[in-house]
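Residue-level structure breakdown
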Amino acid sequence: MTSPDTTSADMSTAVRPDRRVVARGLFAGTTPVANEALYAMVHRGSAGRTRSELRLERGARADMNTFFGRFPASYWQRWTTATAVTITARVEASARARVVVMASDIGGHHRIVDATDVHGTQTVSMTAPLAAFADGGALWPAFEAVDGTARIDGVEWSVETTATPRPVSIAICTHNRVLQCAETVAALASDPVALADVESVWVVDQGDSPVEGHPLFEQVRPELGDKLHYLRQANLGGAGGFSRGLYEAAQRSPHGDVILMDDDILCEPETVLRLGAFAAMTGNPSIVGAQMLFLHNPTYLLASAEKVDLVTLRRGVTDDKFVQQNKNMLKKIPDRRVEATYNGWWTCLIPAEVLTRIGMPLPLFFQWDDVEYGLRAARAGVPTITLPGAGVWHADFYWKDVDGFGHYFATRNGLITAALQPGFAPDAVAKEMGRAISQSIVSMQYGLAHTQLRALEDFLSGPTILDDGGAAALRDINAERRRFADTVVVPMSSVPSSVPIRRAAPPPKPGWENAVLAKRALAHARGRLIGGPVAISYEDAKWWHVGQFDHVFVTDASQHGCRERRYQRELAREMSDRLVRITLRFRREAPAVADDYRSAMPHLTSIENWARLYGI
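All of the points below concern the structure found in this document. Position labels on residues start from 1 in each chain and follow its written sequence. Predicted model: local features are reported for residues with pLDDT of at least 70 only, side-chain atom pairs are reported and counted for 80 or more only, and whole-chain, interface and lining totals are derived from all residues. For the side-chain quantities, the full set of heavy atoms in the structure was used; hydrogens and water were omitted.

Some remarks on the environment of Leu-420
The residue Leu-420 is located in helix 8 (residues 406-420) in this model. Accessible area is worked out with a 1.4 Å probe on protein chains only. A residue is then buried under 20% of its type maximum, exposed over 50%, and partly exposed in between. Look at Leu-420 and you get buried, because its relative accessible area is 6%. As a C-alpha pair, Leu-420 and Ala-594 span 174 residues in sequence and 6.5 Å in three-dimensional space. Here a strand is any run of E in DSSP of at least two residues, a helix any run of H or I of at least four, and the numbering for each starts at the N terminus.

Some details on the pattern of salt bridges
Salt bridges are identified by distance alone: a Lys or Arg side-chain nitrogen within 4 Å of an Asp or Glu carboxyl oxygen. In the structure shown here, the tally under the stated rule is 44 salt bridges. A salt bridge links Arg-177 to Asp-264; its shortest N-O distance comes to 3.4 Å. Taken together, the residues Arg-177 in the loop between strand 10 (168-174) and helix 2 (178-189) and Asp-264 in the loop between strand 13 (257-262) and helix 5 (270-281) connect sequence positions 87 residues apart. For Arg-177, a relative accessible area of 32% puts it in the partly exposed group.

Quick word on the pairing of strand 14 (residues 287-294)
Among the eight residues that make up strand 14, eight are buried, leaving the element largely enclosed by the rest of the structure. Whether two strands pair depends on DSSP finding at least two bridges between them. The pairing of strand 14 with strand 20 (residues 384-394) spans eight bridges and is parallel. What sits directly across from Met-292, in strand 20, is Val-392. Across two bridges, the pairing between strand 14 and strand 19 (residues 347-351) is antiparallel. Bridge pairing links Val-288 to Leu-349 in strand 19. Taken together, the two bridges between strand 14 and strand 15 (residues 300-303) define a ladder with antiparallel strand orientation.

Here we look at helix 15 (residues 607-614)
All buried positions along helix 15 are accounted for by Asn-609, Trp-610, Ala-611, Leu-613 and Tyr-614. For helix 15, the secondary structure elements touched by its buried residues are helix 4 (237-252) and helix 14 (569-604). Where helix 15 ends, the next residue or the one after it, Gly-615, has phi of about 80 degrees, a positive value. Whether two residues are in contact is decided by their heavy atoms, any of which lying within 4.5 Å being enough.

Quick look at the packing of helix 4 against helix 15
Between helix 4 and helix 15, the least distance of the axes is 11 Å, while the angle of their chain directions is 115 degrees. Every pair of crossing elements has a handedness; the one defined by helix 4 and helix 15 is left-handed. Contacts from Ala-239, Gly-240, Ser-243, Arg-244 and Tyr-247 in helix 4 reach Ile-607, Trp-610, Ala-611 and Tyr-614 in helix 15. Its residues assigned to classes, the contact of helix 4 with helix 15 shows six nonpolar, two polar and one charged. Here, axes are lines fitted to C-alpha atoms. For helices the fit covers the stretch in contact, and angles between N-to-C directions go from 0 to 180 degrees. By convention the crossing between two helices is left-handed if the near helix lies anticlockwise of the far one by an angle smaller than a right angle, and right-handed if it lies clockwise. Residue type decides the class: Asp, Glu, Lys and Arg count as charged, Ala, Val, Leu, Ile, Met, Phe, Trp, Tyr, Cys and Pro as nonpolar, and the leftover types, Gly among them, as polar.

Observations regarding the pairing of strand 13
On a regular strand, each side chain points to the face opposite its neighbour's, so the side chains alternate between the two faces of the sheet. Within strand 13, six of the six residues are buried, leaving the element largely enclosed by the surrounding structure. Taking every second residue as pointing to the same face, both faces of strand 13 are buried, with Asp-257, Ile-259 and Met-261 on one and Val-258, Leu-260 and Asp-262 on the other. With six bridges connecting them, strand 10 and strand 13 associate as parallel partners. Along strand 13, the bridge assignment pairs Ser-169 with Val-258.

Observations regarding the packing of helix 10 (residues 446-460) against helix 11 (residues 471-481)
One way to put it is that helix 10 packs onto helix 11 with a least axis distance of 10 Å and a crossing angle of 150 degrees. By the criterion of interaxial angle, the relationship of helix 10 to helix 11 is roughly antiparallel. For the pair helix 10 and helix 11, the crossing hand works out as right-handed. Contacts between helix 10 and helix 11 involve Gly-447, Leu-448, His-450, Thr-451 and Arg-454 on the former and, on the latter, Asp-476, Ile-477, Glu-480 and Arg-481. Any angle from 65 to 115 degrees is called roughly perpendicular, while one under 35 is roughly parallel, one over 145 is roughly antiparallel, and all others are oblique.

As structure tokens, then:
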């Protein structure tokens, strides 16, 4: 079963024309933030490690049944043309050492696939068929220094292929995150092996503070050489930045793949290698995305295999209990294969064939561009696959407050995305939007209510709202929100010391939410509220609790300060009247407006339209 090889020069399958390295076995990340246990776990004895090497003292045992250490066999069996995968590792053993290849199944049961003992210096090679992982399961190696010390390095997973390697480009969109963007580029430059198949790295800078010139960016620039391309353009949002990268990469390599990458991630360069290799082996062109880990809680998985609810306009939802989100990857790694509807563009690969088939992204400026593109691809028969073990760290979403200018784009663009999808249900959407905006009003978030109402109104303006890529909408909504005091974050020191903290009241009983909301709305209409001021933490700031008081200080999600909300009877009445009018109009006009958006899609998503927006 095993194929030990005493010639270490034959270890790397990368030099063989009939094989491709599709993943490396790494033992640590590029930064201390990346917990070593996400790469390899030492279960017994003493061990030391670097990124590429593991050293075991006598009696020590370690395995790679970890987030980054596993090979996602089920995904490879389902989506690629590979029929087997080979793992190789160079082992130096002072006495007997053991290498075991393990596998799991859909239920998390473990089995031994192959095992061999090593004496001296050997390159071990073991092959596992990709034939028993249809519904779930992964592969990983385990190492044991049985009778002496052992050193393991050069761990690689490879598959047979005769296909010509596809060029890969990376497109990073950045806006006033100078240091973070420079650090992302530096992380990529630190791993030349991961970048071996990368033809170009496009940094699209839309900010006022250029990344170019930052010492770290200039320091790593020579390491990337001709691969690095730096562009500056007007701020067209994430959609405009990513689309420019897609545009430039497609012009240079019309048959390649483009990996879209956020500027503020903590980048694991190995993810670039894994996404590119997997996409090159899929039976049909597929969007292949990375998972997202928490930046502040780096062992927790934040997002994977995401779906969307086009009635409530909620992203990141899942109807599959086996999709693990907000879970510690040191405690349990999912074995079941799960399906994705879309993948966020924190790190996501799009093949050139998909661009040819469905066009460029919509000029949505910010929010929902990745969701809309994934749904449009699915309508054209292109799947989205979130690949386990391909991951990056991103700022935790719960540190971002919903009450910001971004909620305008989240609402407007969610409505556009829903309108483009078959089965668009204006009445159901209007009902959910009415409920959400009513909750904002009774929470005394008048600026947020205006933001949501303005999004509804602009959606009904039709596709011409996208003619400038969103620059005017950004300017206008920021100016309009400044009229509302409750949108401003103030220091915690501005809260008087005499203000008591009020913990959250119990939530409404299931099925009673609408009745409680109506009760709160009636109390606001009559001005019958509990006198404040009171202080309420962000975690407790639910509408049914905040809506009982007439003056509250609510902690902002960022934890940098708080927002002061005051009951304003006339403003609440104005917002409520406006809500009634716009929801009635939405029910009446939305079907025709949806047809307008569908008719405008070929133009909006064309290369020519984007070139116009870029000014080239």
